[in-house]
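Descriptive structure summary
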Amino acid sequence: MVNYWNKEAETLPRDELDALQGKKLQKLAKYCYENVEFYKKKFKEIGIIPDDIKGKEDITKLPLTYKDDLRDHYPFGLNAVPMDQIIRIHASSGTTGKPTVVTYTKKDIDDWTELMARTVMAPGVTHKDVIQNAYGYGLFTGGLGFHYGAEKIGASVIPISGGNTERQLMIMQDFGSTIMTCTPSYALYIAEYAKQNNIDVSKLALKKGIFGAEPWSDNLRKTIEDELEIDAYDIYGLSEIYGPGVSVECEEKNGMHIWEDFFIVETLDQETLEPVPPGEEGILAFTTLEKTGLPLIRYITNDISILNRETCTCGRTHVRMKKVTGRADDMLIVRGINVFPSQIESALMQIPGVAGYYQIIINRDIIDSLEVKVELTEETFSDEMKVLEQFKNTIEEKLYNILQVRADVDLVPPGTLPRTEGKAKHVIDKRSKNI
Ligand code: DLL
């Protein structure tokens, strides 16, 4: 039995979904033009009026929106309503400068709750579950986003937020948590902590985890599933487009369903920002069809993925996105070669004896050099020097085959690389000025 929150919406036939998106897009174009000065100006610049938008296919006539547009109008300049209609403000901190601020009306919070109810249920969660929500509560959208969706479906939600791993495990045991929600990095750390403290995970009631907010490979998924003895599902989202709940894997674990009655998603070429042919990799751009506080047209995420429009075996018709393989702005260029951190993670996670923690360091001496610190498991670490040397060579070879650039692998003892309760920072680029 497929676990739907809103079966009618989630299984709407493709043609009806397309027609609905077209209608909503027309309304959105008018709404933005009339209520957001920034969009009115953009429309005028490219010489269009809202009436030019007659259906979904006209989306490419509309202007693109960039993260910098939000920054340039910090904090509330792109709002479509006065502040007295805003009931929630979140923000996501970038690596530099001011955070990206996002605002919600009452309708937006209700809609996000609907999206999150679908999102929590798609991996098979029901009202009988006890959800330990270890995403951060606060300006970050993860904690409250999950909270509202979990309550909406009638599950028991534990608003524990991130951190204090000892307490996480105590509560997990005592309250009988069946679902864990946090970043994959934190899930990995919880598994490690349990092992170190002789907590038998097979005795926990935990069945599933919904992990996201950062890129993670299928190999890391396998590690987490094995270590915690659960099923792990990927969830994607970004603050600008509500937060979590833009897409999630269903029980088929074969791509994340994007809730298309709320968004139009496009995949754009990284260089030209023109749409790529169906099934090809591109940057995701989202148009919000229902947001009223901060509506966004063709918002460039920089996240790279592939879309699959086939109906899923779960019956949901909504388009699926593959795991995000990286961000266009995360790509490292080392000696002229493009390197994605996700390629490195994926390669490392295939190697037994690697603990799951790694750090990529780019140094600039005369030429750029790529160093990868790889943390070993206790078992591997106790091996003799000769074995370790061979192990290092194997990893270096594997990385070279994938990246086509030499990486210097530095094997480090268990427990030495930083742990996180939120998003992991895997890359240290010493070439950038601020390090
Ligand atoms: O991370 C929202 C969220 C919370 C998603 C909880 C899932 C679960 P931001 O902090 O604004 O919002 O970061 C958004 O994180 O553009 C991606 O680059 C990355 N990201 C989020 N989910 C995934 C994922 C939240 N499943 C940015 N895989 C996005 C890969 C992800 N990257």
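Here is what the cut-offs are and how they apply
- Residues numbered from 1 in each chain as written.
- Predicted model: local features only at pLDDT ≥ 70, side-chain atom pairs only at ≥ 80, totals over all residues.
- Heavy atoms only, no water.
- Pairing = 2+ DSSP bridges.
- Helix = DSSP H or I, 4+ residues; strand = E, 2+ residues; numbered from the N terminus.
- Contact = heavy atoms within 4.5 Å.
- Axes fitted to C-alpha atoms, helices over the stretch in contact; angles between N-to-C directions.
- Near = heavy atom within 4 Å.
- Polar contact = N/O pair within 3.5 Å; in protein donor to acceptor, adjacent residues only side chain to side chain.
- Areas by Shrake-Rupley, 256 points an atom, 1.4 Å probe, with all protein chains shown as cover.
- Nonpolar A, V, L, I, M, F, W, Y, C, P; charged D, E, K, R; others polar.
- Buried < 20%, exposed > 50% of the residue type's maximum accessible area, 1.4 Å probe, protein only.
- Core = buried A, V, L, I, M, F, W, Y, C linked by side-chain atoms within 4.5 Å.
- Parallel < 35°, antiparallel > 145°, perpendicular 65-115°, else oblique.

1. A few points about the sheet that holds strand β3 (residues 130-133)
An order of β4-β3-β5-β6-β7-β8-β9-β14-β13 is seen for the nine strands of this open sheet, with the pairing classed as mixed. Lying at the two open borders of the sheet, with one neighbouring strand each, are β4 (156-158) and β13 (307-308). Pairing of β3 with β4 involves three bridges; the strand directions are parallel. The partner of I131 across the bridge, within β4, is V157. Along the sheet, helix α5 (residues 106-121) makes contact with β3, β6 (208-212), β7 (231-238) and β8 (243-249), crossing β8 at roughly 30 degrees. Helix α8 (residues 184-196) contacts β5 (179-182) and β6 of the sheet and is inclined by roughly 125 degrees relative to β5.

2. Quick word on the site of the ligand
Surrounding the ligand, one finds 21 residues, the nearest of these being D234, I235, S239, D303 and K423. In this structure, a nitrogen atom belonging to the ligand sits 2.8 Å away from a side-chain N or O atom of D234. Within the side chain of R327, an N or O atom sits 3.3 Å from an oxygen atom of the ligand. Burial of the ligand by the protein chains amounts to 93% of its free accessible area of 610 Å². It is β7 that contributes the most residues to the shell around the ligand, five residues altogether. A per-class count over the shell around the ligand returns nine nonpolar, seven polar and five charged.

3. A few points about the pairing of strand β18 (residues 354-364)
Remark: a regular strand shows side chains that alternate across the two faces of the sheet. Most of β18 is tucked away: ten of the eleven residues are buried. In terms of strand pairing, β18 meets strand β19 (residues 368-376) through eight bridges, oriented antiparallel. Paired with N363 across the strands is S369, a residue of β19. Between the end of β18 and the start of β19, which pair antiparallel, lie three residues. Of the strand pairs in this sheet, β18 and strand β21 (residues 427-429) are connected by three bridges, and their pairing is parallel. Counterpart to I361 in the pairing with β21 is I428.

4. Digging into the nonpolar core
Formed by 64 residues in total, the largest nonpolar core has its most connected members in L62, Y236, I258, F263 and F286. No other element matches the seven residues that α5 contributes to this core. In terms of nonpolar packing, the next biggest core, distinct from the first, is built from 56 residues, L169, Y186, A194 and V412 among them.

5. Let's talk about the packing of helix α9 (residues 218-228) against helix α10 (residues 341-349)
A pair of packed helices is characterised by two quantities: the angle between their axes and the separation of those axes. Where α9 meets α10, the closest approach of the two axes is 7 Å, and the angle between their N-to-C directions is 45 degrees. The orientation of α9 relative to α10 falls into the category oblique. Between α9, through N219, L220 and T223, and α10, the contact on the second element is made entirely by E345, S346 and M349. Per-class residue counts for the contact of α9 with α10 are two nonpolar, three polar and one charged.

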